[in-house]
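The lines below spell out each chain.
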Amino acid sequence: MNEKKPKQFDDTTLQVDTHALKKRARDRRDEPPSCPYLLFITGKNRHKKVLLLATRTLIGRDPTCHIHVEDSFVSAQHLALVRTVQGVIAEDLASANGTHVNSSKLHGSRLLKSGDRLYFGNTELEFVVPEDC
C-alpha cells in the first residue's frame, strides 16, 4: 500500500494567506523603525516616512531616483545619502539650487545627526535615527 505523506514546506515556501500578510504589514507599519529614515515635512508626501535601507540613496526629480521628489526646483539627481559606519552622510550632487542642512548650505558632504532638517527646492525633510538603531 502506498501511503501519501503530508506535504511539507520549508521556510522559503511557507504558505500564508493574504489576510495574514496584510495584518503582518499593518503591524510592521505601526512599529517604530529600527533604522534611519526621512520624514517628509512638506509636499504631497507630507508625514511619509522613508526608511534608508540602501547603502546609497539618490534623491531627486528623476523618477529613477530612490526617492522621487516632484519639485521643479529640485535637480534630476539632487542629493545622495550614504550609509557608513560613522552614520549617514549627505552629499549634494552639484545641484542647480543647492541643499541646506538646517540653516547651512551643504558644500560637498556632511555627516547627519538625528533631527537635522534637509531643505532643497520647496522640499523639507527631517532626518531621524531611532534610539535603538
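Residues numbered from 1 in each chain as written. Predicted model: local features only at pLDDT ≥ 70, side-chain atom pairs only at ≥ 80, totals over all residues. Heavy atoms only, no water.

### Topic: the overall build of the protein chain
Then, number 1: When its secondary structure is counted, the protein chain shows 1 helix and 11 strands.
Then, number 2: Counted from the first residue to the last, the protein chain has its helices and strands arranged as α-β-β-β-β-β-β-β-β-β-β-β.
Then, number 3: Out of the 133 residues in the protein chain, the part that is buried amounts to 32%.
Then, number 4: Counting only contacts in the protein chain whose residues sit at least 6 apart along the sequence, the fraction spanning at least 24 positions is 35%.
Then, number 5: Taken as a whole, the protein chain presents about 9400 Å² of accessible surface, with 50% of it coming from carbon and sulfur. (Helix = DSSP H or I, 4+ residues; strand = E, 2+ residues; numbered from the N terminus. Buried < 20%, exposed > 50% of the residue type's maximum accessible area, 1.4 Å probe, protein only. Contact = heavy atoms within 4.5 Å. Areas by Shrake-Rupley, 256 points an atom, 1.4 Å probe, with all protein chains shown as cover.)

### Notes on the side chain of Asp92
Then, number 1: Mapping Asp92 onto the fold places it in strand 6 (residues 88-92).
Then, number 2: We note that Asp92 is buried and unpaired, the nearest opposite charge coming from Lys105 at a distance of 7.2 Å.
Then, number 3: A polar contact is formed between the side chain of Asp92 and the backbone nitrogen of Ala94, at a distance of 3.2 Å.
Then, number 4: Residues in contact with Asp92, not counting those within four places in the same chain, are His78, Leu79, Gly98, Thr99, Leu106 and Gly108. (Lys, Arg positive; Asp, Glu negative; His and termini not counted. Salt bridge = Lys/Arg side-chain N within 4 Å of Asp/Glu carboxyl O. Polar contact = N/O pair within 3.5 Å; in protein donor to acceptor, adjacent residues only side chain to side chain.)

### Observations regarding the side chain of Glu126
Then, number 1: In this fold, Glu126 is placed in strand 11 (residues 123-128).
Then, number 2: Beyond its immediate sequence surroundings of up to four residues, Glu126 is in contact with Tyr37, Leu38, Leu39, Ile41, Gly115, Asp116 and Arg117.

### So, the sheet that holds strand 11
Then, number 1: Read across the sheet, 6 strands follow the order 2-1-11-10-7-8 without closing on themselves; strand pairing throughout is antiparallel. The sheet is open, and its two borders are formed by strand 2 (49-51) and strand 8 (104-105), each paired with just one other strand.
Then, number 2: Both strand 7 (residues 100-101) and strand 10 (residues 117-120) contribute to a ladder of 2 bridges, which runs antiparallel. Residue pairing across strands places Val101 opposite Leu118, the latter belonging to strand 10. (Pairing = 2+ DSSP bridges.)

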